[in-house]
Amino acid sequence: MQVDRYERYWMWAASGMLALFLVAIVVTAVSGGAHPPSHVETINPETLDIGTEFATPGVVTAPDGSLTVVMRAELYVFKPDVVRLPVGRPVRFRITTPDVLHGFQIVGTNVNLTVAPGYVSEGTTTFTEPGEYLVVCNEYCGLGHHNMYSRIVVEAAP
Amino acid sequence: MTPAVRLVLSHFWVAVAAFGVGAMMAVMQALARAGVELPFGTANLYYLSVTAHGVLLALVFTTFFIMALGYLVVETTLGRIAGPSWAWAGFWLASIGTVITTVAILSGTSTVLYTFYPPLLAHPAFYIGATLLVVGSWVWCGVMIASFVSWRRANRGTRPPLAAHGMLTAVIIWILATAGLAVEVVILILPWSVGLVDRIDPIVARTYFWWFGHPLTYFWLVPAYVLWYTMIPRVAGGKLFSDALTRVVFIQFILFSTPVGFHHQFTDPGIAGGWKLLHTFTTYAIMFPSLVTAFTVTASLEYAGRARGGAGTFGWIGKLPWSDPFFSSVALSMVTFALGGFGGAINAAYAMNAMIHNTAWVQGHFHLTVGTAVTLSFMGFSYWMLPRVTGRALVWPRVASVQPYLWFIGMQFFSIPSHIAGLMGMPRRVYTGEFHGIEAAQAWIPLVNISAVGGVILFVSAMCWVGVLAGTMFVMPRGATRPIEYAEPMVAPPDGASLWDRLGLWTAVAIVLIIIAYAQPLYHLHTMARFPSRGFSPF
Ligand code: HEM
Ligand SMILES: [Cu+2]
Ligand SMILES: [Cu+2]
């Protein structure tokens, strides 16, 4: 096929740009562990209250000191609705729902999860600044969707 | 009016009507979010309106418009529409389906938005109507393919006209896309919505939805590209830069538009990261043909500008026919698509997606792409097509010349603040961005207000478009019709069909790619221990 010289240059440049994007993605994924949340774990949404960690949502400190926040998203609330966390420590969020799809987005961080009934979603982040963080539901879940939010209060180390 | 023109215009007017209604909903949404007191401003009506707006614009307007364009192209390039009675059957099926779904939405029993993610459960009529709309569009696919095959039988070894090649590409993409939708709606949702099955798995359903959802966007875009490649160079007074390369571009859309759906599910649980990474690769591959398009179409326009006497590096730009609404629509669409495509590269970035997923950024993004690049191209084309096929001159040519600029400006006002609000964390699909006065949310409010101004400008532009078309049809006298003419290539392509004209072969390759991208993750989803969900209707 006859392709114009400049068009050929352009196609090389375009391929180069796309390759560069992909390399950047792969490098950060492999070396920096920059992956999207892809936790694979299922749970019965109708029996969350029967002996699962989601029966008593809240902050859990493991024996090794690592922090996990267990949360529930339900038609129009997050439980617990205020979470207190220390600054500068990695925190893992585990969240599920007994009803419809929700979103779990901590404004100002990289935590952005789809919450689906039957599945447990996980995300991790480290809060580097103390202060109050807004959590919003970003997946339409019904007529109260815009009222569905909660707060995370990050406290400076004592 | 010839039978073919009647068929084309019937589809066209349904598209225009759906657009008119969808645009009215849109301006109410934009104002409601900005806190303007509307007598009917309730959360209930807001989400109902967003459902109707998404369905009527993204699904009904686009599909009917593309069906109209498809029939027009095969009639004028291949000289036939095979099986006109089938075509009418498809039209009625799709129209009845549209009415059923619209009534279901307006009744307030189906406020599930146009993505209808289970376990949100709408009235069964919502899904039945949508199914009829898609079945009607499949009949269109059948008629398009039959017309093409009949032409090829009579013209063995001849290169198919480029516009027909492009529209057949859209047909193939649509068939590949709707295969996923059919599984979701017919097998998973319909039995569940009427109570035959109790439960549904939301992630499985979403996966089939996005198998459909991404190629859907190329089903919109490819017909717009057909206008850009095969008509605009001539409208601008020039020729198409490269016919041969254009065919390669269309084939790439067939190959890569479907195996990419996980880029809409980056944040989903239940799907392993590796598959998301694979879909990232194919997503970047699909940007390539659009980058080539940017070159080819711009080069064609430069050629046109120089043929009109433009000189110097940029002098040709001013010589282009900026007051011709078809030309200006497409030129502004191209600029907008460059912005939208840039945003798309960010959306698609495997991990960066977490920053913008489901924020107002996304709503800014798709109003640039489908809401402008595609829609504005279709608007401009309408001004060009309607007088040609009906013989009626445009009623208010001045209004028509200004309208594309209004849309462009309105959309910048609407989309840029949406992008910014999204980066600041504002979620999409919210009746109000206030969140009970929480401090972090206060910074979003001025942005939402600016985008409401954009919404009003867009609405004025939308009404200008509908008004000029309706006025032309009802007020202007009928005169002589003119042919639909296509751009000549600058270099005549070699005679005879090439590898890039073998649509069947490339479709087979595309199916293999879909299997690679989806077979294993779907198998895994279907076979792992899961807990499907009953339905909820919180509206
Ligand atoms: C008349 C000009 C338009 C205005 C003022 C407008 C405004 C809006 C607004 C305010 C929303 C709701 C955003 C939210 O709550 O997340 C929206 C959603 C949407 N619009 Fe538009 N829009 C316009 C034209 C279009 C066009 C032409 C299309 C496509 C052909 C389109 C497709 C959509 C889609 C797909 C949604 C998403 C609905 C959803 O999230 O479920 N819009 N639009
Ligand atoms: Cu929600
Ligand atoms: Cu996509």
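Residues numbered from 1 in each chain as written. Chains lettered and ligands numbered in written order. Predicted model: local features only at pLDDT ≥ 70, side-chain atom pairs only at ≥ 80, totals over all residues. Heavy atoms only, no water.

Enquirer: Hey, could you go over the overall build of chain A for me, with residue numbers and the actual values?
Expert: In terms of helices and strands, chain A carries 1 helix and 10 strands. The order of helices and strands in chain A, counted from the N terminus, is α-β-β-β-β-β-β-β-β-β-β. Taking 15 Å as the expected radius of gyration for a compact globule of 158 residues, we find that chain A reaches 20 Å, considerably beyond that expectation. Each principal axis of the C-alpha distribution contributes one length, and for chain A these read about 70 × 40 × 30 Å. Taken across its 158 residues, chain A has 50% of its residues classed as buried. Taking as baseline every contact in chain A between residues at least 6 positions apart, the subset at least 24 positions apart corresponds to 57%. As presented, chain A carries roughly 7000 Å² of accessible surface, and 58% of it is formed by carbon and sulfur atoms. Placing the 9 positive and 15 negative side-chain charges of chain A at their respective mean positions leaves the two points 5 Å apart. (Helix = DSSP H or I, 4+ residues; strand = E, 2+ residues; numbered from the N terminus. Rg over C-alpha atoms; globule rule 2.2 N^0.38 Å. Buried < 20%, exposed > 50% of the residue type's maximum accessible area, 1.4 Å probe, protein only. Contact = heavy atoms within 4.5 Å. Areas by Shrake-Rupley, 256 points an atom, 1.4 Å probe, with all protein chains shown as cover. Lys, Arg positive; Asp, Glu negative; His and termini not counted. Charge placed at Lys NZ, Arg CZ, Asp CG, Glu CD.)

Enquirer: Account for the domain arrangement of chain A, naming residues and giving values.
Expert: What the domain assignment reports for chain A is domain 1 (1-34) and domain 2 (41-155). For domain 1 of chain A and domain 2 of chain A, the distance between their C-alpha centres works out to 37 Å. (Domains from an automatic or database assignment.)

Enquirer: How would you explain the coordination of the copper ion (ligand 2) if you had to name every residue and give the values?
Expert: Residues and elements named next belong to chain A. Protein ligation of the copper ion (ligand 2) involves C137 (SG), E139 (O), C141 (SG) and H145 (ND1), the donor distances falling in the range 2.1 to 2.6 Å. Taken together, the 4 donor atoms surrounding the copper ion (ligand 2) define angles of 83 to 127° at the centre, an arrangement classified as irregular. Spacing between the donor residues of the copper ion (ligand 2) along their common chain follows C-x1-E-x1-C-x3-H. In this structure C137 comes out as buried when scored by relative accessible area, which is 0%. (Donors = N, O, S within 2.8 Å, 3.2 Å for Na, K, Ca; no water. Tetrahedral: all angles 85-135°; square planar, octahedral: opposite > 155°, others 65-115°.)

Enquirer: Any chance you could break down the packing of helix 2 (residues 43-78) of chain B against helix 14 (residues 360-390) of chain B for me, citing the residues and the numbers?
Expert: Each pair of packed helices gets described by two things: the angle between the helix axes and the distance between those axes. Residues and elements named next belong to chain B. Between helix 2 and helix 14, whose axes approach to 11 Å, the crossing angle comes to 40°. By the angle between their axes, helix 2 is oblique relative to helix 14. Here the hand of the crossing between helix 2 and helix 14 comes out left-handed. Residue-level inspection shows H53, F61, T62, F65, I66, L69 and L72 of helix 2 in contact with helix 14, the latter providing H367, V370, T375, F378, F381, S382, M385 and V389. Of the residues belonging to the contact of helix 2 with helix 14, the class tally is 10 nonpolar, 5 polar and no charged. (Axes fitted to C-alpha atoms, helices over the stretch in contact; angles between N-to-C directions. Parallel < 35°, antiparallel > 145°, perpendicular 65-115°, else oblique. Left-handed = near helix turned anticlockwise from the far one by under 90°. Nonpolar A, V, L, I, M, F, W, Y, C, P; charged D, E, K, R; others polar.)

Enquirer: With reference to specific residues and values, describe the environment of L31 of chain B.
Expert: As for its position among the elements, L31 of chain B is in helix 1 (residues 3-33). Placed 208 residues apart in sequence, L31 of chain B and K239 of chain B show a C-alpha to C-alpha distance of 44 Å.

Enquirer: Tell me about the coordination of the iron atom of ligand 1, and name the residues and values.
Expert: Expected angles at a metal are 109.5 degrees for tetrahedral coordination by four donors and either 90 or 180 degrees for octahedral coordination by six donors. Residues and elements named next belong to chain B. For the iron atom of ligand 1, the full set of protein donor atoms is H53 (NE2) and H367 (NE2), and the range of their distances to it is 2.0 Å. Classification of H53 by relative accessible area gives buried; the value is 13%. For H367, a relative accessible area of 16% puts it in the buried group.

Enquirer: Lay out the packing of helix 2 of chain B against helix 4 (residues 124-154) of chain B in plain terms, naming residues and giving numbers.
Expert: All names here are of chain B. One way to put it is that helix 2 packs onto helix 4 with a least axis distance of 10 Å and a crossing angle of 15°. In terms of their interaxial angle, helix 2 and helix 4 are classed as roughly parallel. The way helix 2 lies across helix 4 gives a crossing that is left-handed. Mapping the contact onto sequence places T51, V55, V60, T63, F64, I66, M67, G70, Y71, V74 and L78 in helix 2 and F126, L133, G136, S137, W140, V143, M144, S147, F148 and W151 in helix 4.

Enquirer: Residue-level account of the pairing of strand 10 (residues 149-155) of chain A, with values.
Expert: All names here are of chain A. The sheet contact formed by strand 4 (residues 82-86) and strand 10 spans 5 bridges and is parallel. Directly across from V82, in strand 10, lies its bridge partner R151. Note: strand 9 (residues 131-136) against strand 10, 6 bridges, orientation antiparallel. Its bridge partner being in strand 10, V135 is matched across the sheet by S150. (Pairing = 2+ DSSP bridges.)

Enquirer: So what's going on with helix 15 (residues 397-423) of chain B? Which residues, and what values?
Expert: Helical geometry: 3.6 residues make up each α-helical turn, so side chains three or four residues apart lie on a common side. Helix length check: helix 15 of chain B (27 residues) gives 40 Å between terminal C-alpha atoms against 39 Å at 1.5 Å per residue, within 8%. Within helix 15 of chain B, the axis deviates most sharply at Q403 of chain B, by approximately 30°, and proline P404 of chain B lies no more than four positions further along. (Expected span 1.5 Å × (residues − 1). Bend = angle between axes of the 7 residues up to and from the residue.)

Enquirer: Break down the site of ligand 1 for me, citing the residues and quoting the values.
Expert: Residue and element names in this part refer to chain B. Neighbouring ligand 1 are 24 residues, the closest being Y46, H53, H367, R428 and R429. Y46 places a polar side-chain atom, nitrogen or oxygen, 2.5 Å from an oxygen atom of ligand 1. Contacts to ligand 1 include R428, whose side-chain N or O atom sits 3.0 Å from an oxygen atom. Sorting the residues of the shell around ligand 1 by element identifies helix 1, helix 2, helix 14, helix 15 and helix 17 (444-475) as the ones contributing at least two each. A per-element tally of the shell around ligand 1 places helix 14 first, with 6 residues. Looking at the shell around ligand 1, its residues break down into 15 nonpolar, 7 polar and 2 charged. (Near = heavy atom within 4 Å. Polar contact = N/O pair within 3.5 Å; in protein donor to acceptor, adjacent residues only side chain to side chain.)

Enquirer: Before we move on, can you summarise a positive patch on the surface with the specific residues and values?
Expert: Together, R152, R153, R156 and R502 of chain B make up a region of like positive charge exposed at the surface. Assessed through its relative accessible area of 48%, R502 of chain B is described here as partly exposed. (Patch = residues over 30% accessible without salt bridge, like charges linked within 9 Å, V, L, I, M, F, W, Y side chains within 5 Å. Salt bridge = Lys/Arg side-chain N within 4 Å of Asp/Glu carboxyl O.)

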